[in-house]
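# Structural features, examined
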Amino acid sequence: MLINDGIITREELATVLPTDERFKKGPVAIIECLQNIPCDPCVSACPSKAISMKSGITDRPKLDAARCIGCGLCVPRCPGLAIFVLDMTHAARSAALSLPYEIQPVPKIGQVVKGLDRSGKQVCEAKVLKVMSAKKFDKTHVVTIEIPKDRALDVRAIRLA
Amino acid sequence: MSLRIDDHPVLSFKKGRKVSFLFEGEKMEGFEGEPIAAALHAAGVRLLRHSPHKHRPRGFFCAIGRCSSMMEVDGEVNVMTCITPLKEGMVVNRQEGHGVIEP
Amino acid sequence: MSRKTEILVVGGGPAGLSAAIVAAQLGSKVLLVDDNQHLGGQLVKQTHRFFGSSARDAGIRGFNIAEQLLEEAAGLKKNLTILLNTTIVGFYGDTEAGLLSPERFEKVTFERVIVCTGAVENSLNFENNDLPGVYGAGAVQTLMNVHGIKPGNRILMVGSGNIGLIVSYQLMQAGVQVVGLVEAMQTIGGYLVHASKIRRMGVPIYTGHTIVSALGTDGVTGAKICRVDEKFQTVPNTEFDVECDCICLAVGLSPLIELFQQADCKMVHVGELGGLVPLHDVNMRTTNPHVYVAGDASGIEEATTAILGGRVAGASANKSIHGESAEAGKVVADAVSELRTLRSGPTGERIRWGREKIEKEITAC
């Protein structure tokens, strides 16, 4: 369970996961923030106003998946590095996952890295599709990797060597 | 493996000029202005002194001048090396016990 | 030698800086004193993005917040004097203090003093806890983030509060392997997003475990860990060794309160706030009407609450000298309201209990 070992279970994840129907429409954010902590930068980060916290900054962020266009601007803004963008329409057998990355060296496009699950275990290889590094991202890079579709809900980190 | 960080994802480190100093008679290098204990640590030295009664090896703990980093520097004892800046030519020795203060 | 000021601020971390800035902005003559070579306190070591409200610096890295505060202070030279490498060695009566710097000793007379001396790291009892290589989390951050030196190559972290979780992540950013994180409670203490971050990078989190001993003769070469139950009793036959060259203790902080005791401020022991703290009211004033408090010295919390508490103290101290003003009143009201919001929610529960205890005691005074 998350509170014992820092690993979100499938049941816990289900409370924030967009629907299968939404996944069929294109990239969408998954906000894996399941605790009521005082924090709200994600709300103002979204240009589509898809993230809300109705009762204030200790509310859990709620994603309006229909409004979300999967742009990924929320990914580098989250202080907890807890937001990911998943595109299940990327290809027939693979998905594209965007995650925040703050370790040197930053991977290059085309590089093949290890895809790690939430326990740090390598579960697949992942090709780097895109790396976004903007000045306003303030040293948090957004790395997009290609992973097998059946690993799309597991892979949340990468290792280079 | 050097303990100095070359490539940090968020920070860049401004260092003073490289200087040499003596530790237990051996020539060592560090950067001017960094704490003596940090320069020693980067050079692989963690044992800074021995305790007065049981002669136990000690290093630093807090790095803000409230712990156990006392060493003999340029002849003066009880110098808190975790906050004292390194200067060219300093003579640094391990302190044994309480050290002796010259009258 | 002696000097005179209106408001003396002791400590130039986030609380002291904020108090000094606000008081100077409101027109008071302020002397800010810090015993370090530079201002910023622990904020200069924080590389992670801050939580809280985006209206108040959330999402910005700690050391950038420090830079912002320093810039603000630099623009107030008319009212704000800063002395570095200077320690307050004591209070002489209610309105005089002794300042010691490498160059001289001098006295300063003031009308109000705001003490923002922060906190010191706790140590932990285990065999060989005095071996070289056993460092507090603050020391690890200082080495890594200020001096660019790795504390070791393989570290064992003890403590799963926010500091233990965040410093583990910072260690990995610095290229250090974190062999594990040990937590005596059965659940993770800090924000779960921090825990998830390090868990998915492969750091095992051993809740319900404690460190039994550090291994090594002249320095740390490993650690012995074992399981503990809900009553913190070691469970027999569960010991195992881990290889590491550094043990980092992130087991809490204790407020630094000697100056308050010198000033005869009434003290109260509040476990939720880290130990002994000076009794203070919502304006951050202690039972000695000349003495205010802000930051970790008023109760262990975070940099954001330190900044807000400092703003309250700075404005309140100014008001107590010059009388009420709309400007000062707004600073206090805004900051108090923000503090309330930050402390609401389940993760603020312990702090709220602690602060309630203080409120109860001060009204009884």
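Placed above this text is the structure.
What comes next is a walk through the structure. (Residues numbered from 1 in each chain as written. Chains lettered and ligands numbered in written order. Predicted model: local features only at pLDDT ≥ 70, side-chain atom pairs only at ≥ 80, totals over all residues.)

Of the residues lining the interface, 25 residues belong to chain B; the matching set on chain C comes to 28 residues. Put simply, the parts of the chain that give the side of chain B that touches chain C at least two residues each are helix 1 (36–42) and strand 4 (57–58) of chain B. If you tally residues by element for the side of chain B that touches chain C, the top one is helix 1 of chain B, at 3 residues. Taken together, the residues that form the side of chain B that touches chain C break down as 16 nonpolar, 3 polar and 6 charged. (Contact = placed C-beta atoms within 7 Å. Helix = DSSP H or I, 4+ residues; strand = E, 2+ residues; numbered from the N terminus. Nonpolar A, V, L, I, M, F, W, Y, C, P; charged D, E, K, R; others polar.)

This paragraph deals with the sheet that holds strand 15 (residues 222–227) of chain C. Residues and elements named next belong to chain C. Strand order in this open sheet of 3 strands is 14-15-16, and the pairing throughout is antiparallel. The open sheet is flanked by strand 14 (209–215) and strand 16 (240–243), the only strands paired with a single partner. On average, each strand axis in the sheet is inclined to that of its neighbour by 30°, with strand direction left out of account. (Pairing = 2+ DSSP bridges. Axes fitted to C-alpha atoms, helices over the stretch in contact; angles between N-to-C directions.)

On to the pairing of strand 17 (residues 246–249) of chain C, then. Residues and elements named next belong to chain C. With burial as the criterion, each face of strand 17 is covered, one bearing C246 and C248 and the other bearing I247 and L249. Bridge analysis of strand 10 (residues 134–136) against strand 17 gives 3 bridges, and the strand direction is parallel. Bridge pairing in strand 17 links V134 to I247. Note: strand 11 (residues 154–158) against strand 17, 4 bridges, orientation parallel. From the neighbouring strand, M157 faces strand 17, where its bridge partner is C248. (Buried ≥ 20, exposed ≤ 12 C-beta atoms within 10 Å, placed from the backbone.)

This part is about helix 2 (residues 62–74) of chain C. All names here are of chain C. Along its 13 residues, helix 2 runs 19 Å from first to last C-alpha, staying within 8% of the 18 Å computed at 1.5 Å per residue. Where helix 2 is concerned, the buried positions are G62, I65, A66, L69 and A73. An end-on view of helix 2 places all buried positions within 105° of arc, on one side of the element. Facing away from the buried side of helix 2 by over 90 degrees, the exposed positions are Q68, E71 and A74. The elements touched by buried residues of helix 2 are helix 1 (14–25), strand 4 (80–83) and helix 7 (303–322). (Expected span 1.5 Å × (residues − 1). Arc of directions from axis to C-beta.)

Our next topic: the interface of chain A and chain C. Taken together, the contacts link 34 residues of chain A with 35 residues of chain C. Among the secondary structure elements, those contributing two or more residues to the side of chain A that touches chain C are helix 1 (2–5) and helix 4 (41–45) of chain A. In terms of residues, the side of chain A that touches chain C owes the most to one element, helix 1 of chain A, which gives 4 residues. Of the residues that constitute the side of chain A that touches chain C, the class distribution is 17 nonpolar, 10 polar and 7 charged.

Our next topic: the sheet that holds strand 2 (residues 7–10) of chain C. Residue and element names in this part refer to chain C. Within the open sheet, the 5 strands sit side by side as 4-3-2-8-21. Their pairing is parallel. Every interior strand has two partners, whereas the edge strands, strand 4 and strand 21 (291–293), have only one. Across the sheet, the mean angle separating the axes of adjacent strands is 20° when strand polarity is ignored. Pairing between strand 2 and strand 3 (residues 30–33): 4 bridges, direction parallel.

Consecutive side chains along a regular strand alternate between the two faces of the sheet. Residue and element names in this part refer to chain B. Bridge count between strand 1 (residues 18–23) and strand 2 (residues 26–31): 6 bridges; the pairing is antiparallel. By the bridge assignment, F21 is partnered in strand 2 with M28. With antiparallel pairing between neighbouring strands as the criterion, strand 1 and strand 2 make up a hairpin whose turn holds 2 residues, including E24 at a positive phi of roughly 50°. Where strand 1 lies against strand 7 (residues 91–93), 2 bridges are found, and the strand directions are parallel. Across the sheet, residue F23 finds its bridge partner in strand 7, namely V92.

Time to look at unusual backbone geometry. Negative phi is the rule for most residues except glycine; trans is the rule for most peptide bonds. Residue and element names in this part refer to chain A. The omega angle of the peptide bond from Q104 to P105 is -5°, so this bond is cis rather than trans. Its place among the elements puts P105 in the loop between strand 5 (94–101) and strand 6 (112–116). Positive phi is not limited to glycine here, since K49 has a value of about 55°. On the secondary structure map, K49 appears in the loop between helix 4 and strand 2 (51–52).

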